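Residue-level listing of the chains:
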Amino acid sequence: MCAFSQTRPDSIPKQKIKEKNIELRVMPYLGYNRDLQFMFGAMPMMMYKVNKKDTISPKSLSGMSAIYTTNNSYFVALFNKWYLADDKWRIKLFAFTGDQNSQFYVDDIDEPAFYDYGTKSTIISVGVQRKIIKALYGGLSYTYSHYNTVYQDSIAPASTSHTND
């Protein structure tokens, strides 16, 4: 059996879609857990071309996340990922600060009970990558972290820690 057919062009001409220079998005955040209780916040993000003449690089991304909880904890983060020079270079930047309130159970004292503590955190990370071959990138990154924890009723001594990675 032999068949012949023809394709008919669409009756509606295709329109060229103009790409926006900047795209904005906002994502709401709602959550719950027993430790932090109700959490709510938002994450606004912006996608854009660093160089409008660069047709190879994907859009870069910049954004922020802010969350507050009903146990009086909060978290704020800024994040960026830039694609540069026809996607030969990639740079990332991340910054975070927050105060997490929580509790732990102590049973080896005269009055066993739950005790509150708060940890203030700060994290900063930066990284640079260079294209090596087609889909392989190599680079360096650095992350600094600082944590300061204070305990209710001085049940334990306050502690501070730093990391450099």
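Located above this text is the structure these notes cover.
Just so it is clear, the structure is predicted and the values come from calculations on it, not from any experiment.

Enquirer: Just give me the short version of the sheet that holds strand β5 (residues 89-106), but keep the residues and values in it.
Expert: The strand order β1-β2-β3-β4-β5-β6-β7-β8 describes an open sheet built from eight strands, whose pairing is antiparallel. If you trace the sheet from one side to the other, it starts and ends with β1 (22-33) and β8 (159-164), each paired once. Taking the axes of each pair of neighbouring strands and ignoring which way they run, one obtains an average angle of 10° across the sheet. Of the strand pairs in this sheet, β5 and strand β6 (residues 113-133) are connected by 18 bridges, and their pairing is antiparallel. Paired with G98 across the strands is S121, a residue of β6.

Enquirer: Account for the side chain of T149, naming residues and giving values.
Expert: Mapped onto the elements, T149 comes out in strand β7 (residues 136-151). Setting aside chain neighbours within four positions, we find T149 in contact with Y117, G118, T119, A158 and S159.

Enquirer: Just give me the short version of the pattern of salt bridges, but keep the residues and values in it.
Expert: The full count for this structure, using the stated rule, is three salt bridges. Across the salt bridge formed by E23 and R25, the nearest N and O atoms sit 3.2 Å from each other. Residue classification places R25 among the partly exposed positions, given a relative accessible area of 42%. Two residues, E23 and K59, come together in a salt bridge whose shortest N-O distance is 2.5 Å. Of this pair, E23 sits in strand β1 while K59 sits in the loop between β2 (37-48) and β3 (60-69), and the two are 36 residues apart along the sequence.

Enquirer: Help me get a handle on the pairing of β7, residues and values and all.
Expert: Two strands pair when backbone bridges link them, and β6 and β7 are joined in this way by 16 bridges, in the antiparallel orientation. Within the sheet, the bridge partner assigned to V128 lies in β7 and is L140. Counting the residues in the hairpin turn of β6 and β7 gives two residues.

The rules behind these values
- Residues numbered from 1 in each chain as written.
- Predicted model: local features only at pLDDT ≥ 70, side-chain atom pairs only at ≥ 80, totals over all residues.
- Heavy atoms only, no water.
- Pairing = 2+ DSSP bridges.
- Helix = DSSP H or I, 4+ residues; strand = E, 2+ residues; numbered from the N terminus.
- Axes fitted to C-alpha atoms, helices over the stretch in contact; angles between N-to-C directions.
- Contact = heavy atoms within 4.5 Å.
- Salt bridge = Lys/Arg side-chain N within 4 Å of Asp/Glu carboxyl O.
- Buried < 20%, exposed > 50% of the residue type's maximum accessible area, 1.4 Å probe, protein only.

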